[in-house]
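Descriptive analysis of the structure
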Amino acid sequence: MTAVADRLRGLLREGDTVARFSGDEFGILLEGLSSPKEAKAAAARVVEAFRAPLQAGDRQIRLSVSVGVSLASASRHSAEEHVRNADFAMFAAKQSGKGRHHMYDAEERRSADERVRLRSDLQNAVIRNELRVDYQPIIDLRSGAITSLEALVRWQHPDRGLLLPGSFIPVAEEGDAITEIGAWVLATACAQLRVWQKSKSDLAICVNLSGRQLQDPALVGDVKRALRQSGIEPPSLILEVTETILLADPTTESMLLRLKALGVRLAIDDFGTGYSSISYLRRFAVDILKIDLEFTKEVESAEGESLFRGIVELGRSLGLELVAEGIERPAQLARVAATTCDQGQGFLLGGPTEAGAVAELLSAGAIPAIFGSTSSVPRSGRKASRRNPSRSPVTSASMRPT
Ligand code: C2E
Ligand code: MG
Ligand code: MG
C-alpha cells in the first residue's frame, strides 16, 4: 500500500490531498480545477499510472485500478455525500471492466437505487398477490379464430401502478425472483387454459421463458407441475424463448431437450432479431416461429414484403408454424396474410387483456371487426397443407434485419 500511495502522490499537484480510506481504497481531493475535463484527465492519469507494475521488495505486482469521480461544482452535496457518490462511480467503473474511470451521474444513481428498491419489492410480489397475467390472442389468419393466447405478466405495484414486464423482468432476472414469478405464470396460465378449453378444446397457451429460467434445473419440475395440476395436454402448452437466449448458454440445449421430452411445443419469439441460425431451429426441434414485429412493420414496402415472405418460406420449408407479431394496421394484416403466414398477433387483432375479457372473445368465435364470422383474408399461393412434414435440406445460414 505504501508503494500505491507513493505512486499516487507522484501524480498530484501541490495542494492536492490523497488519503487511504480503507483496505485498497484511496480518496484524492483535487482543488481549484477549472473544468470537469480536468478531473476526467486526472482520473485517466491515475488509471494510466498503474499500468506499469509496482515494485514490492524483490517482487513485481500488477494492479488494475478503477476510479470514480464526483464533482463538487455540480451540486451542493456534503463531503460525505461526495465520497459516497465517488464510491458509486468507482463501482460503476469496476463493473464496466478493469482499469477504467467513471464520472458520477445522479441519474444513473437514481436508476440504480430504483432497481434496488424494485428488487426488494419484487421479493414479495407473488405472495402479496400483486402479479397478474393478461392474455393476448393469436389468430388464425384464414378463419379469424383464436388458436392460442400468449400469457403476459403484469405487476400491480402498490405505489407505482401497473408495471409492464420490460420494467421488472430484467430486475427479477438479477436475483431469484424470476424462478418464483416464472413458476407462478406457468401455473396460472395453464390453469386458465383448462377453463377456456371447456368451450374451445383445441386452444393453446403460450408462456414466455427468460434465459435465467432455462438455466434453472427446477424449470422442468415447474412445467411438469403446471401440466399435472391444470390437467391440460402437453402440446397445448407452447413455451416461447428468444433466439439470443438459445445461444447464450451451452446448458440451454439440454434443458430444451428435457422440456421437449415432456411433449410441450417450442416457439422462437421475436425471430429475426438475433442470430436467425437455421441449424438451431432443427437442433432444438422448434415448432413455431414468431416473426418479430420489426418485420411486420416493414411489410408494406416491397422490400419489406419480400423479406417477410422469405422468412415465411424458410419456416415453411422447415415444417414450422408461423406467427406474425405486432400486426397493427389492416394493410399489414392483408400483406402478412398474402404471404401464407399461418397466424397473427397484434393490437389490430386484440391487445393483451384480462382473462375475463378473453372469455367474451372466445364466445364470439372469430375476431369480427377484421374477419367477420366466416369471411377470410384474401391471400395468394397458400398451400393446402398448413404444415410441411418433410423437412427439406437447409444448411446453416445467418440472417439479420436490415
Ligand atoms: P413478447 O413475448 O414478444 O410479447 C409481445 C409483446 O408485444 C407484449 O408486450 C405485447 O403487449 C406487445 N405487443 C403485442 N401486440 C403488439 C403490437 O401490435 N404492436 C406493438 N408495438 N407491440 C405489441 P409486453 O406485455 O410489454 O411484454 C414484453 C415482453 O416481456 C414480452 O415480449 C416477453 O418477452 C416478456 N414477458 C412477458 N411476460 C413474461 C413472463 O411471464 N415471463 C418472462 N420471462 N417474460 C415475459
Ligand atoms: Mg412472447
Ligand atoms: Mg415477441
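Residues numbered from 1 in each chain as written. Chains lettered and ligands numbered in written order. Predicted model: local features only at pLDDT ≥ 70, side-chain atom pairs only at ≥ 80, totals over all residues. Heavy atoms only, no water.

Looking only at helices and strands, the protein has 16 helices and 15 strands in total. Rg of the C-alpha trace for the protein: 28 Å, well past the compact-globule value of 21 Å for 402 residues, more than 25% over. Across its three principal axes, the protein shows a C-alpha extent of roughly 85 × 50 × 40 Å. Sorting the 402 residues of the protein into buried and exposed places 42% on the buried side. Of the contacts made within the protein by residues no fewer than 6 positions apart, 66% connect residues no fewer than 24 positions apart. Carbon and sulfur atoms make up 53% of the accessible area of the protein, which amounts to about 20,300 Å² in all. (Helix = DSSP H or I, 4+ residues; strand = E, 2+ residues; numbered from the N terminus. Rg over C-alpha atoms; globule rule 2.2 N^0.38 Å. Buried < 20%, exposed > 50% of the residue type's maximum accessible area, 1.4 Å probe, protein only. Contact = heavy atoms within 4.5 Å. Areas by Shrake-Rupley, 256 points an atom, 1.4 Å probe, with all protein chains shown as cover.)

With a phi close to 50°, Asp270 is a non-glycine residue in the positive phi region. By the element assignment, Asp270 lies in strand β12 (residues 265–271). In the Ramachandran plot, Ala285 falls in the positive-phi region, its phi being about 50° despite a non-glycine side chain. Within the secondary structure, Ala285 is located in the loop between α11 (278–283) and β13 (288–291).

Okay, the side chain of Thr296 next. With respect to the element layout, Thr296 can be found in helix α12 (residues 293–298). For Thr296, a relative accessible area of 0% puts it in the buried group.

Bringing the coordination of the magnesium ion (ligand 2) into the picture now. Surrounding the magnesium ion (ligand 2) are the protein donor atoms Glu150 (OE), Asn208 (OD1), Glu240 (OE) and Asp269 (OD), which sit 2.0 to 2.2 Å from the metal. Positions of the donor residues of the magnesium ion (ligand 2) along the chain correspond to the pattern E-x57-N-x31-E-x28-D. Here the magnesium ion (ligand 2) and the magnesium ion (ligand 3) are spaced 4.0 Å apart, with Asp269 acting as a shared donor. One end of the pair, Glu150, is in strand β8 (residues 146–157); the other, Glu240, is in strand β11 (residues 237–242), and 90 residues separate them in sequence. (Donors = N, O, S within 2.8 Å, 3.2 Å for Na, K, Ca; no water.)

With that settled, the discussion passes to the coordination of the magnesium ion (ligand 3). Summarising the metal site, the magnesium ion (ligand 3) is bound by the protein donors Asp269 (OD), Asp270 (OD) and Glu325 (OE), whose distances to it range over 2.0 to 2.2 Å. Each donor residue of the magnesium ion (ligand 3) lies on the same chain, and together they follow the pattern D-D-x54-E. Given the relative accessible area of 9%, Glu325 is considered buried.

Close contacts around ligand 1 come from 22 residues, with Glu150, Asn208, Asp269, Glu328 and Phe347 the closest. Contact between ligand 1 and Glu150: an oxygen atom at 2.8 Å from a side-chain N or O atom of the residue. One nitrogen or oxygen atom from the side chain of Asp270 is found 3.1 Å from an oxygen atom belonging to ligand 1. Computed on the free molecule, ligand 1 has an accessible area of 800 Å², of which 79% lies beneath the protein chains in the complex. Looking at the shell around ligand 1, the elements that each hand over two or more residues are β8 and β12. It is β8 that contributes the most residues to the shell around ligand 1, 4 residues altogether. Tallied by class, residues from the shell around ligand 1 come to 9 nonpolar, 6 polar and 7 charged. (Near = heavy atom within 4 Å. Polar contact = N/O pair within 3.5 Å; in protein donor to acceptor, adjacent residues only side chain to side chain. Nonpolar A, V, L, I, M, F, W, Y, C, P; charged D, E, K, R; others polar.)

Our focus in this paragraph is the packing of helix α3 (residues 79–95) against helix α4 (residues 106–122). The contact between α3 and α4 brings their axes to 11 Å, and the two run at 80°. The angle between α3 and α4 falls in the class roughly perpendicular. Residues Arg84, Asn85, Phe88 and Ala92 of α3 touch α4, and the partners they reach there are Glu108, Arg109 and Ala112. (Axes fitted to C-alpha atoms, helices over the stretch in contact; angles between N-to-C directions. Parallel < 35°, antiparallel > 145°, perpendicular 65-115°, else oblique.)

What follows covers the pairing of β13. What you see with β13 is no split at all: Ile288 and Lys290 on one side and Leu289 and Ile291 on the other are buried throughout. Pairing between β12 and β13: 3 bridges, direction parallel. When the sheet's bridge partners are listed, Ala267 is paired in β13 with Ile288. At this point the chain moves from β12, through α11, to the parallel β13, and the crossover so formed is right-handed. Bridge count between β13 and strand β14 (residues 321–324): 4 bridges; the pairing is parallel. Note on β14: the bridge partner recorded for Leu289 is Leu322. (Pairing = 2+ DSSP bridges. Right-handed = clockwise from strand over helix to strand, strands pointing away.)

Right, let's get into the packing of aromatic side chains. Note on aromatic pairs: each is described by the distance of the centres and the angle between the planes. In the structure shown here, the tally under the stated rule is 4 aromatic pairs. Ring geometry for Tyr135 and Trp196: centres 4.9 Å apart, planes at 85°, overall edge-to-face. Placement of the pair is Tyr135 in strand β7 (residues 131–140) and Trp196 in helix α6 (residues 177–197), with a sequence separation of 61 residues. Residue classification places Tyr135 among the buried positions, given a relative accessible area of 1%. Between the aromatic rings of Tyr280 and Phe284, the centroid separation amounts to 6.2 Å while the plane-to-plane angle is 40°, which identifies the pairing as tilted. Phe284 shares its class with Tyr280; the two are buried. Here the basic side chain of Arg7 rests over the ring of Phe50, its NZ or CZ set 5.7 Å away from the ring centre. (Phe/Tyr/Trp six-rings, centres within 6.5 Å; stacked < 30°, edge-to-face > 60°. Lys NZ or Arg CZ within 6 Å of the ring centre and 35° of its normal.)

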